[in-house]
Amino acid sequence: SLGQLEIHLSTRSADACEASRILEAATAELASVLGKSLVSACGQSLEVVVSRLLRQCGCRIAVAESCTGGLVASRLTDVPGASDYLLAGWVTYSNEAKVALGVNADLISEKGAVSEEVVKAMAVAARQRAAADYGLGITGIAGPEGGSTQKPVGTVWFALAGGDGIARCRKFRFVGDRSRVKLQATQTALDMLRRELELR
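What you see is a predicted model, and the numbers here were worked out from it, not measured in a lab.

Enquirer: Break down the packing of helix α2 (residues 46-57) against helix α7 (residues 178-197) for me, with residues and values.
Expert: For the pair α2 and α7, the least separation of the axes is 10 Å and the interaxial angle reads 30 degrees. Judged by the sense of rotation from one axis to the other, the crossing of α2 with α7 is left-handed. Mapping the contact onto sequence places Leu 46, Glu 47, Val 49, Val 50, Leu 53, Leu 54 and Cys 57 in α2 and Gln 187, Leu 190, Asp 191, Leu 193, Arg 194 and Leu 197 in α7. Here the contact of α2 with α7 is composed, by residue class, of nine nonpolar, one polar and three charged.

Here you go:
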């Protein structure tokens with residue numbers, strides 16, 4: 001499905017125990033090959049995995065979203081008990097909203113709303129405003145308009161701020177229409193958080 005790859009394993013055997021053993025061995029081998037790219041071996045969604053990891057480490061998060069329009073916060077709250085770890089979410093769609101959150105207006109004017117510098121500032125501001133362990137920032141161009149040669153439609157920046165500063169920051173270029181770009185962006189944001197939490 002969009003933004004993730006699902007692999008389904010099956011086998012046939014007259015012996016149920018033997019079939020189970022074969023599947024378990026194959027699953028373990030595949031998990032070893034996939035390494036950190038493996039989200040779940042039992043079909044759990046990305047948001048469920050992230051919620052479990054947040055609870056395990058006792059961490060709380062705040063999000064500042066632009067092009068995703070609150071979809072990351074929405075997916076996190078799809079999991080019951082999300083109030084245990086999701087402190088706050090801001091949809092900072094306009095430059096004015098980014099400034100109100102705590103991003104420097106001059107930084108936006110100089111670097112542009114869709115930039116490494118601004119997304120880092122969004123993540124840091126969200127973390128500080130909510131007094132959270134992590135702040136997640138997302139800004140990009142979902143389309144169909146608004147792109148340029150330097151920043152084409154589908155360009156999205158992500159940043160994750162922790163207690164020691166920026167833990168992760170990446171830029172992606174997604175393809176597809178507006179809804180597909182937004183969905184892929186939420187997948188990437190949650191996976192970035194998952195990978196960071198698994199290091200704890």
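Enquirer: Can you tell me about the pattern of salt bridges, naming the residues and giving the values?
Expert: Enumeration according to the criterion identifies nine salt bridges in this entry. The salt bridge partner of Arg 55 is Asp 84, with a shortest N-O separation of 3.5 Å. You can see Arg 55 sitting in helix α2 and its partner Asp 84 sitting in the loop between α3 (71-77) and β2 (86-91), a full 29 residues away along the chain. Here Asp 84 falls in the exposed class, since its relative accessible area comes to 52%. Overlapping salt bridges, with partners in common, bring together Asp 191, Arg 194, Arg 195 and Glu 198 in one network.

Enquirer: Tell me about the nonpolar core, residues and numbers included.
Expert: One finds Leu 54, Ile 61, Val 72, Val 156 and Phe 158 to be the most contacted residues of the largest nonpolar core, which totals 31 residues. Of all the secondary-structure elements, those providing two or more residues to this core are α2, β1 (61-65), α3, β3 (134-140), β4 (155-162) and α7. Examining the composition of this core, we find that seven residues originate from one element, α7, more than from any other. Ignoring anything within four residues of it in the chain, the contact list for Phe 158 reads Val 119, Gly 137, Ile 138, Arg 168, Cys 169, Arg 170, Phe 172, Phe 174, Ala 185, Thr 188, Ala 189 and Met 192. One finds Leu 101, Val 103, Ala 126 and Ala 130 within the second-largest nonpolar core, a separate group that totals twelve residues.

Enquirer: Can you tell me about the pairing of β2, naming the residues and giving the values?
Expert: Across a regular strand the side chains alternate sides, sitting on one face of the sheet and then on the other. Judged from the five bridges that link them, β1 and β2 form a sheet pairing that is parallel. Directly across from Glu 65, in β2, lies its bridge partner Val 91. Taken together, β1, α3 and β2 constitute a β-α-β crossover, and its handedness is right-handed.

Scoring rules and cut-offs
Residues numbered from 1 in each chain as written. Predicted model: local features only at pLDDT ≥ 70, side-chain atom pairs only at ≥ 80, totals over all residues. Heavy atoms only, no water. Axes fitted to C-alpha atoms, helices over the stretch in contact; angles between N-to-C directions. Helix = DSSP H or I, 4+ residues; strand = E, 2+ residues; numbered from the N terminus. Left-handed = near helix turned anticlockwise from the far one by under 90°. Contact = heavy atoms within 4.5 Å. Nonpolar A, V, L, I, M, F, W, Y, C, P; charged D, E, K, R; others polar. Salt bridge = Lys/Arg side-chain N within 4 Å of Asp/Glu carboxyl O. Buried < 20%, exposed > 50% of the residue type's maximum accessible area, 1.4 Å probe, protein only. Core = buried A, V, L, I, M, F, W, Y, C linked by side-chain atoms within 4.5 Å. Pairing = 2+ DSSP bridges. Right-handed = clockwise from strand over helix to strand, strands pointing away.

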